[in-house]
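Here is what each chain is made of, one letter per residue.
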Amino acid sequence: MIKGERFINFRPLLFTALSLILGCAIGYFFILGNSILAGVLVGVFLAVIIIAIFLLKKSTYVKKVLFLIPFLCLFALYGGVSTYVTLYRFDSIYIPEMEYEIEGKIVQIDTTYKQDDYNKTTYILDDITLNGEAGAYSNYKLAIYVDGTPAFEVGDRIYSKGEVNNQSLFYNSDFNVYYAKEGVKIKNYSTAEELLLVKDGKNIFYRARLFIENSLSVGLSGDTFGVARGMLLGNTDDLSLDTLESFRYAGVAHIFAVSGLHIGFLSGVLTFIFNKLKVKKYISLPITVLCLFFYAGICGFTVSSLRAAIMFSFMASAGVFNAKYDALSSISFASIVILTLFPLELFSAGFLLSFTVTLFIILLTRPITNFYNKCISFVIKKKTPVEYNSIQNKVSSAFAVSTASFLAGVPLCLIFFNYISPLSILVNIIFIPVASVVFVALLVLTVLGGIFNVSYYLLYPVGWVLYFMNYLFWQVDAGRFLISADVFLPLVVTFYASLIIMAGLINLNKKLVTILTSSLFILSMVGTIIFTYMTYDAVKVYAFTDSGASGTIYVTKDSEVLVVSEAKSVRTGSLKRLLSNEKIDNVGTVIVSDKDADLYELIDYMQNYFELKTLYHNVDDYSNVVSFYNGVKIKHCTTSEVLTVDDFTIKYVTAGYGVEVFANNDYFLTFSELPEGALTYFKLDGDYKYIASVNYAYDLSSLYKMDVVSFSLGHNYNTVQNGYVKDVIY
């Protein structure tokens, strides 16, 4: 510890935010059933308070700390109780699964599948009624998964008729708060023709968004329109997957998540206008704050936009009242507001990425800037101190911000996206200044073009800039520089601990900071490399399902094989998400277990996502079935016929209802709903390392020694509902 300085600076808002976050985590683990970990977190919270009182008993801050402790306990209690109660209520309510007349207001639209003139769209409905009545579900939303291309918009009240199903707290086989966070308790499947418009009820935010979109569509088209819409509104539905991935791989896709970058630009434009008009600060402040939150509303009040709006309002208020702006207190206040209103946001990728990256930009920019300045001075043999406004310092600061955001996002990007982009450090240095100019130009010209009906002329030059920007990212092909790794949670904690110590949030002497930072950082990096190497030779098993199709993908370091168990409908969003999220792109072989599957439709669909070369199918009579279709070889196999596919040995069992896979000295099994007596075909002595089933007609308790993933609820096995599960088998 540095002599004469406090161990940690006193920030009530920071401590309150940490208490609220800890409380939410405790409530989450309690509802998850992990009472031991929840109890450990409670113990940690109490221990920290006791230690703080002991360390500060002779400090001038002791009275403030003693006054603050009840509030910390209160916020921790609120976080825990609100999280637990929200999840418990969501899980305990049950709507009878039957046919209803459904009516509700559209509050969100997601395009989950898009090909040519066909869309698969999800409408999220609020203020719902079933058979004309609002019951115990009135506080929840309903998701309608629509096949076709309906023409409804946010704010419209629509009608449908069909069966509803309950959503579970389980998603991708794991306990997940996604549906509870969104408040979506029930779901329905419909076609575009079955939906009827009841009332047009577009709100002011949607009308403003529609105004911007219409103005953009007049002057731009294709991917240039998609990029512009993404930059202004955070909506990437009109971007092609290839273009979106080129931005992601370069590490600049954050321009499509409305956050501090966008809110900061808007705040700067407003400040410039008010300064030129010489508007008094006490008048400009409320107008600025109102505009920032209105823009956040246009973008759907996403977590990142709300955080940025709160922080910039905090900053603007400090300037008006001549108070010192403290960024740590600002981000703490933003997290308190958001988690108090929406405690489950803590467990969303958007919240974690937005707050973590912003927090470490605040903490790390200065120490990394100093480090870069020393490196530059050493190289150019400059011994005099670097001035704050010097070019060298500005360059160092720009690289520091980019480096800090990259470091902060490393574990989270590996967890959520399975890769990191080191190239993003350099790309962001060059791209962000350009993006700032483009954003401001887009915002001003889009509004003026919409008002005066001259968008085509005003946006024409911006369109060429966007086209050139897209072209550059296509040419760079940043995907070649991506790094993938498997993440182990204790090493994530170790990594962030090293960043916190490096940031100087805890006052320690420089030598100790250097030793601790280096040791923890090296431990996390070496540990991650070892953990990744351990899983390198493992067989990775991915099981997926939704309402129409299900199956399993087996992956080794060199090969990937897809086993389709059921294919009532091959337009499966869960398979698309699995392939995209897990970066599975080498599936050349498909084994079809479903005897009634439409092979030609299956091939047409899957060729959109990977280069399918061979498809195996087991049928009783295949004398009249073609051997080639659309460039794909179709091989028809008998039961018990052994297939050798790359690293796998595969055979059909149970007259086509099951497929047995052998890889890395282990047996795996994927089977569909079984006919009477079919269970006797399977080895029940524990030889299967992993079993994935579509729907079982038997009690599989005899298989308790194995990992069982079932595609339907029941018993005590892991379950998959409209998602996918990933397991790594060692």
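Since the model is a prediction, treat every value here as computed from it, not as a measurement.

Topic: the overall build of the chain
Link 1 in the chain: Along its length, the chain carries 19 helices and 23 strands.
Link 2 in the chain: Every one of the 730 residues in the chain was classed for burial, and the buried ones make up 48%.
Link 3 in the chain: Pairs at least 24 residues apart make up 64% of the contacts formed inside the chain by residues separated by at least 6 positions.
Link 4 in the chain: When the accessible area of the chain is evaluated, it comes to approximately 35,800 Å², of which 61% is carbon and sulfur surface.

So, the packing of aromatic side chains
Link 1 in the chain: Counted according to the given criterion, the structure contains 31 aromatic pairs.
Link 2 in the chain: Here Phe 67 and Phe 71 contribute two aromatic rings whose centre-to-centre distance is 5.5 Å and whose plane-to-plane angle is 50 degrees, an arrangement assigned as tilted. Here Phe 67 pairs with Phe 71, and both are found in helix H3 (residues 62-92), just four residues apart, close to one helical turn.
Link 3 in the chain: Plain terms: the ring middles of Tyr 84 and Tyr 88 are 6.2 Å apart, the flat faces sit at 5 degrees to each other, and that makes the pair stacked. Remark: Tyr 88 and Tyr 84 occur in helix H3; sequence separation between them is four residues, near one turn of the helix.
Link 4 in the chain: Exposure remark for Tyr 84: the relative accessible area of 34% places this residue in the partly exposed category.

With respect to the packing of helix H5 (residues 204-219) against helix H14 (residues 424-452)
Link 1 in the chain: The geometry of H5 relative to H14 is characterised by a closest axis approach of 9 Å and an angle of 90 degrees between their N-to-C directions. Taken together, the axes of H5 and H14 lie roughly perpendicular to each other. Residues Phe 211, Ile 212, Ser 215 and Leu 216 of H5 touch H14, and the partners they reach there are Leu 442, Thr 446, Val 447, Gly 449, Gly 450 and Ile 451.
Link 2 in the chain: By residue class, the composition of the contact of H5 with H14 is six nonpolar, four polar and no charged.

Notes on the pattern of salt bridges
Link 1 in the chain: Applying the stated criterion to the full structure yields eight salt bridges.
Link 2 in the chain: Note that Arg 229 is salt-bridged to Glu 213, the shortest N-O span being 2.8 Å. One end of the pair, Arg 229, is in helix H6 (residues 222-233); the other, Glu 213, is in helix H5, and 16 residues separate them in sequence.
Link 3 in the chain: Among the residues examined, Arg 229 registers a relative accessible area of 12% and is labelled buried.
Link 4 in the chain: Given the relative accessible area of 11%, Glu 213 is considered buried.
Link 5 in the chain: A salt bridge links Asp 238 to Arg 229; its shortest N-O distance comes to 2.2 Å.
Link 6 in the chain: With relative accessibility at 33%, the residue Asp 238 sits in the partly exposed group.
Link 7 in the chain: The structure contains a network of salt bridges with shared partners spanning Glu 103, Asp 127 and Arg 157.

Describing the side chain of Ser 559
Link 1 in the chain: Topologically, Ser 559 is positioned in the loop between strand E10 (549-555) and strand E11 (560-567).
Link 2 in the chain: At 3.3 Å, the side chain of Ser 559 forms a polar contact with the side chain of Asp 647.
Link 3 in the chain: Not counting chain neighbours up to four residues away, the residues in contact with Ser 559 comprise Tyr 554, Asp 646, Asp 647 and Phe 648.

Observations concerning the side chain of Arg 307
Link 1 in the chain: Its location among the elements puts Arg 307 in helix H10 (residues 303-320).
Link 2 in the chain: Here Arg 307 is buried and forms no salt bridge, its nearest opposite-charge partner Glu 345 lying at an N-O distance of 12 Å.
Link 3 in the chain: Reaching out from Arg 307, the side chain makes a polar contact with the side chain of Thr 358 at a distance of 3.4 Å.
Link 4 in the chain: If we skip the residues at most four places from it in the chain, Arg 307 touches Ser 259, Gly 260, Ala 334, Ile 338, Ser 354, Phe 355 and Thr 358.

Quick word on unusual backbone geometry
Link 1 in the chain: The phi dihedral of Asp 127 falls on the positive side, at around 50 degrees, and the residue is not glycine.
Link 2 in the chain: Take Asp 127: it is sitting in strand E2 (residues 118-130).
Link 3 in the chain: Residue Asn 630 is not a glycine yet carries a positive backbone phi of 55 degrees.
Link 4 in the chain: Tracing the backbone shows Asn 630 in the loop between strand E14 (628-629) and strand E15 (632-636).

Side note on H5
Link 1 in the chain: Between its first and last C-alpha atoms H5 spans 23 Å; for 16 residues at 1.5 Å apiece the expected length is 22 Å, and the two agree.
Link 2 in the chain: Those residues of H5 lying buried are Tyr 206, Ala 208, Arg 209, Ile 212, Glu 213, Ser 215, Leu 216 and Gly 219.

With respect to the nonpolar core
Link 1 in the chain: Tyr 123, Leu 125 and Leu 142 are the most contacted members of the largest nonpolar core, which totals 48 residues.
Link 2 in the chain: When residues of this core are assigned to their parent elements, the largest contribution, seven residues, is made by H3.
Link 3 in the chain: Apart from the residues within four sequence positions on either side, Tyr 123 is in contact with Ile 106, Gln 108, Ile 109, Leu 142, Ala 143, Ile 144, Val 146, Pro 150, Ala 151, Phe 152, Ile 158 and Leu 195.

A look at the environment of Leu 125
Link 1 in the chain: Within the element layout of this structure, Leu 125 appears in strand E2.
Link 2 in the chain: Each C-alpha atom, one on Leu 125 and one on Leu 142, is 5.1 Å from the other, the two residues being 17 residues apart in sequence.

Description of a nonpolar patch on the surface
Link 1 in the chain: Together, Val 218, Tyr 456, Tyr 457, Tyr 460, Trp 464, Tyr 467, Phe 468, Tyr 471 and Leu 472 give the surface a local cluster of nonpolar side chains, amounting to about 1,100 Å² of exposed area.
Link 2 in the chain: Of all the elements, helix H15 (residues 455-476) adds the most residues to the nonpolar patch, at eight residues.

As for the packing of H10 against helix H11 (residues 327-341)
Link 1 in the chain: One way to put it is that H10 packs onto H11 with a least axis distance of 9 Å and a crossing angle of 135 degrees. Judged by the inter-axis angle, H10 sits oblique to H11. Crossing handedness for the pair H10 and H11: right-handed. The segment H10 lies against H11, with Val 303, Leu 306, Arg 307, Ile 310, Met 311 and Phe 314 engaging Ala 327, Ser 329, Ser 330, Ile 331, Phe 333, Ala 334, Val 337 and Ile 338.
Link 2 in the chain: Tallied by class, the residues present in the contact of H10 with H11 amount to eleven nonpolar, two polar and one charged.

Considering a negative patch on the surface
Link 1 in the chain: A cluster of like negative charges, contributed by Glu 97, Glu 99, Glu 101 and Glu 163, occupies part of the molecular surface.
Link 2 in the chain: Here Glu 97 shows up in the loop between H3 and strand E1 (99-115).

Some points on the environment of Leu 87
Link 1 in the chain: Of note, Leu 87 is situated in helix H3.
Link 2 in the chain: It is 9.1 Å that separates the C-alpha atoms of Leu 87 and Gly 27, two residues lying 60 residues apart in sequence.

Some thoughts on the pairing of strand E3 (residues 141-147)
Link 1 in the chain: For E3, the buried fraction is high: five of the seven residues fall into the buried class.
Link 2 in the chain: In this structure, E3 lies alongside strand E7 (residues 184-191), joined through seven bridges in parallel fashion. Each bridged residue has a counterpart across the sheet, and for Leu 142 the counterpart in E7 is Ile 186.

Cut-offs applied
Residues numbered from 1 in each chain as written. Predicted model: local features only at pLDDT ≥ 70, side-chain atom pairs only at ≥ 80, totals over all residues. Heavy atoms only, no water. Helix = DSSP H or I, 4+ residues; strand = E, 2+ residues; numbered from the N terminus. Buried < 20%, exposed > 50% of the residue type's maximum accessible area, 1.4 Å probe, protein only. Contact = heavy atoms within 4.5 Å. Areas by Shrake-Rupley, 256 points an atom, 1.4 Å probe, with all protein chains shown as cover. Phe/Tyr/Trp six-rings, centres within 6.5 Å; stacked < 30°, edge-to-face > 60°. Axes fitted to C-alpha atoms, helices over the stretch in contact; angles between N-to-C directions. Parallel < 35°, antiparallel > 145°, perpendicular 65-115°, else oblique. Nonpolar A, V, L, I, M, F, W, Y, C, P; charged D, E, K, R; others polar. Salt bridge = Lys/Arg side-chain N within 4 Å of Asp/Glu carboxyl O. Polar contact = N/O pair within 3.5 Å; in protein donor to acceptor, adjacent residues only side chain to side chain. Lys, Arg positive; Asp, Glu negative; His and termini not counted. Expected span 1.5 Å × (residues − 1). Core = buried A, V, L, I, M, F, W, Y, C linked by side-chain atoms within 4.5 Å. Patch = residues over 30% accessible without salt bridge, like charges linked within 9 Å, V, L, I, M, F, W, Y side chains within 5 Å. Left-handed = near helix turned anticlockwise from the far one by under 90°. Charge placed at Lys NZ, Arg CZ, Asp CG, Glu CD. Pairing = 2+ DSSP bridges.

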